[in-house]
Amino acid sequence: MNDKTKEQEIKISASISFVNDISNKSFEIDKKKFDHNINLMNSFYNIHQEEKNKLPYHINVFEQANPKENDNSRILASLLNQNENKQNRWVLKSFLDHLEKKKPSFHFKIKKSEITTEKDRIDLLIRDEDFALIIENKFNYASDQPSQLARYIEVLKNSKRPCHDKNIFVIYLTRDRNKEPEDQSWILNKIDYKEKFAERFLHLTFKDDILPWLQKEILPGCTKINDNFLKSATTQYIDYLEGIFNSRKIHKDMNKKLQKHIEQELGFGKESAENIKKVNEKIEAIAELNTQLDDIKSLEVKKYFEHCLENLNQDFSELKKYNDILNEDNLPCIGVYLYYNEKPFQVVMEMDEDALCYGIATEDKKKKEITKQIEPLKAKEEFDENENWYAYKETPVENGYENLKTLIKKVTKLTIPTESFLSTTLSSLEKEYEVFQEFDEHENLLGGILFKHENLAFPILLQKEGEQLYLGVNTHKGTQDEASQEKIQQLLDPILKPAGFEEDDFWYGYKETSQAYAYNELKTLIKTIEEQLTSSQN
């Protein structure tokens with residue numbers, strides 16, 4: 001190695017050492033900033049809880065219910081839907097007037113407005129003859145789903161009542177100013193709607209827009225029209241939002257103490273400009289921390305659903321699974337398919353933007369007959385419903401899988417068989433077999449086929465007894481003499497007993513089933529007996 005080469009290697013080594021030194025120092029600085037953010041939040045939380053416990057007694061209905069993002073959307077929609085005399089929608093008009101004051105391009109004339117929540121995943125939609133107003137609610141700072149705003153725009157453009165770009169408006173409604181729409185939310189199929197919607201987009205907040213609007217416009221209006229119910233709801237919701245933002249009068253001393261603590265932690269001095277800089281830096285740092293926490297949460301949610309799917313495969317191995325962990329909405333969903341009169345529906349668990357829900361999801365929009373069957377369960381368990389669910393309710397994550405598992409078991413046993421169900425089930429079998437449907441002497445509904453083998457005949461059937469449904473082979477029809485029945489029992493025992501069928505004086509073999517499984521289980525039993533007896537005969 002010559003001196004020149006050695007000198008170059010020393011320079012390279014020194015450069016690498018310098019870069020590593022800078023990287024290590026940067027890491028130490030970032031770590032210190034991160035630790036300071038965590039310590040600030042922890043100390044803030046502790047003081048907040050301590051001061052909150054000192055507050056005088058206060059009750060708020062909304063606070064007790066702990067509304068989520070979707071709940072806040074429904075509350076706002078209920079207010080906007082106020083209809084004093086089926087013509088004067090003054091709350092909606094007041095809201096639209098507020099938007100126009102914020103941005104003149106938001107000029108709307110109410111003709112025949114329809115207000116919906118969670119339809120096509122849009123949190124809140126105001127649709128009229130000449131405009132469509134999308135309101136995306138981020139009350140709990142949820143991250144934007146992939147192409148979220150762009151997809152909602154496309155939904156309206158391609159709906160049964162297509163809406164032109166120029167008539168679609170978007171409101172991004174957040175708790176405060178600490179969240180903006182993500183750039184990717186505007187982009188779908190390489191089309192970027194952000195610039196196109198510059199004049200048809202508004203960022204509103206509950207703190208600076210909804211709360212003042214309710215206080216200054218809606219509450220006084222309730223008094224003028226003497227609507228006590230609207231006034232009561234508005235007063236409670238105003239108080240709820242004031243509680244969220246610690247702006248109630250009883251919060252005054254607590255806020256002073258919290259703000260003093262933050263000023264000390266940030267090292268406030270006499271120069272306001274420097275203090276503003278420190279606050280802005282902290283806001284940016286906390287926003288970055290929130291982004292990282294969202295990413296971590298997404299990974300953990302994916303792992304959680306994968307684990308739950310493994311449990312489903314073990315606990316319900318015989319059922320077809322619904323697996324949509326990686327979907328375009330970034331709302332993982334798993335569950336099972338069940339069938340009613342051969343029509344599929346799903347019992348699933350889904351992670352919404354801010355809540356874990358489980359229930360019975362829509363599949364083919366044939367809601368009437370399925371809804372009728374689940375009504376007893378829905379009423380007893382206090383399930384809600386919307387455009388995407390026949391019935392659903394929220395659940396804590398730690399109880400999610402067990403609640404889903406319990407619901408699947410309940411739904412499979414829920415529907416009580418009827419004559420029409422048996423007729424539909426048997427109609428697909430009558431081309432190949434001799435089918436029957438009748439009541440026995442105990443008024444139990446029977447339906448199945450009369451299976452013939454050599455000189456023997458026996459029914460393979462479904463029987464409704466009370467609210468229970470049984471599948472099996474019984475002695476109700478077919479060969480009746482004792483010797484022949486003993487021979488039938490001998491033929492069927494090797495088939496039925498290994499499959500878990502029990503026997504008694506009326507059955508060669510039976511087991512419980514449910515309407516969800518009955519159709520497929522009856523067909524399987526018939527085919528199994530047919531194949532086994534044909535094989536033994538040969």
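Nothing here was measured: the structure is a model prediction, and the numbers come from that model.

J.: Give a description of helix α7 (residues 228–244) that names residues and reports values.
T.: The end-to-end C-alpha separation of α7 is 24 Å, in line with the 24 Å expected for 17 residues at 1.5 Å each. Those residues of α7 that fall on the buried side of the exposure criterion are L230, T234, Y237, I238, D239, Y240, L241, E242 and G243. On its buried face, α7 is in contact with α2 (61–65), α3 (69–80), α4 (90–102) and α6 (206–225). Once α7 finishes, N246 follows within two positions and takes phi at roughly 50 degrees, a positive value.

J.: Which residues make up the pattern of salt bridges, and what are the values?
T.: If the charged atoms of two oppositely charged side chains come close together, the side chains can form a pair. According to the stated counting rule, one finds 30 salt bridges in the structure shown. With a shortest N-O distance of 3.7 Å, D144 and K138 are connected by a salt bridge. The class of D144 is buried, set by a relative accessible area of 5%. K487 serves as the salt-bridge partner of E454, at 3.8 Å between the closest nitrogen and oxygen.

J.: Talk me through the packing of α3 against α6; I want residue IDs and the actual numbers.
T.: Between α3 and α6, the shortest axis-to-axis distance is 13 Å and the interhelical angle comes to 35 degrees. The crossing of α3 and α6 is left-handed. In this structure, α3 contributes N72, L76, L79 and L80 to the contact, and α6 contributes F206, I210, W213 and L214. Residue composition of the contact of α3 with α6, by class: seven nonpolar, one polar and no charged.

J.: If you had to explain the sheet that holds strand β1 (residues 114–119) to someone new, which residues and values would you point to?
T.: Read from one edge to the other, the open sheet built from five strands follows the order β1-β2-β3-β4-β7, with strand pairing classed as mixed. Because the sheet does not close on itself, it has two edges, and the strands there are β1 and β7 (201–205). Ignoring strand direction, the axes of neighbouring strands in this sheet form an average angle of 20 degrees. For β1 and strand β2 (residues 122–127), the ladder comprises five bridges, and the chain directions are antiparallel.

J.: Before we move on, could you go through the environment of L99 and cite the residues and values that matter?
T.: Assignment of secondary structure puts L99 in helix α4. Exposure remark for L99: the relative accessible area of 0% places this residue in the buried category. Considering only alpha carbons, one finds L99 and I171, 72 residues apart in sequence, at a separation of 9.5 Å. Setting aside residues up to four positions removed in sequence, L99 forms contacts with F106, F108, L133, I171, L202 and L204.

J.: How would you sum up the nonpolar core? Please name residues and give values.
T.: Counting residues in hydrophobic clusters, the biggest one holds 39 residues, and the most contacted among them are L80, F95, L99, I126, L133, I171 and L241. Within the residue set of this core, elements represented by two or more residues are α3, α4, β2, β3 (132–138), β4 (168–174), β7, α6 and α7. For this core, the element with the highest residue contribution is α6, accounting for seven residues. Those residues in contact with L241, other than ones at most four positions away along the chain, are F139, F206, I210, L211 and L214. Counting residues in each nonpolar core, the second largest holds 30 residues, with L319, L338, F345 and Y358 among its members.

Parameters and conventions
Residues numbered from 1 in each chain as written. Predicted model: local features only at pLDDT ≥ 70, side-chain atom pairs only at ≥ 80, totals over all residues. Heavy atoms only, no water. Helix = DSSP H or I, 4+ residues; strand = E, 2+ residues; numbered from the N terminus. Expected span 1.5 Å × (residues − 1). Buried < 20%, exposed > 50% of the residue type's maximum accessible area, 1.4 Å probe, protein only. Contact = heavy atoms within 4.5 Å. Salt bridge = Lys/Arg side-chain N within 4 Å of Asp/Glu carboxyl O. Axes fitted to C-alpha atoms, helices over the stretch in contact; angles between N-to-C directions. Left-handed = near helix turned anticlockwise from the far one by under 90°. Nonpolar A, V, L, I, M, F, W, Y, C, P; charged D, E, K, R; others polar. Pairing = 2+ DSSP bridges. Core = buried A, V, L, I, M, F, W, Y, C linked by side-chain atoms within 4.5 Å.

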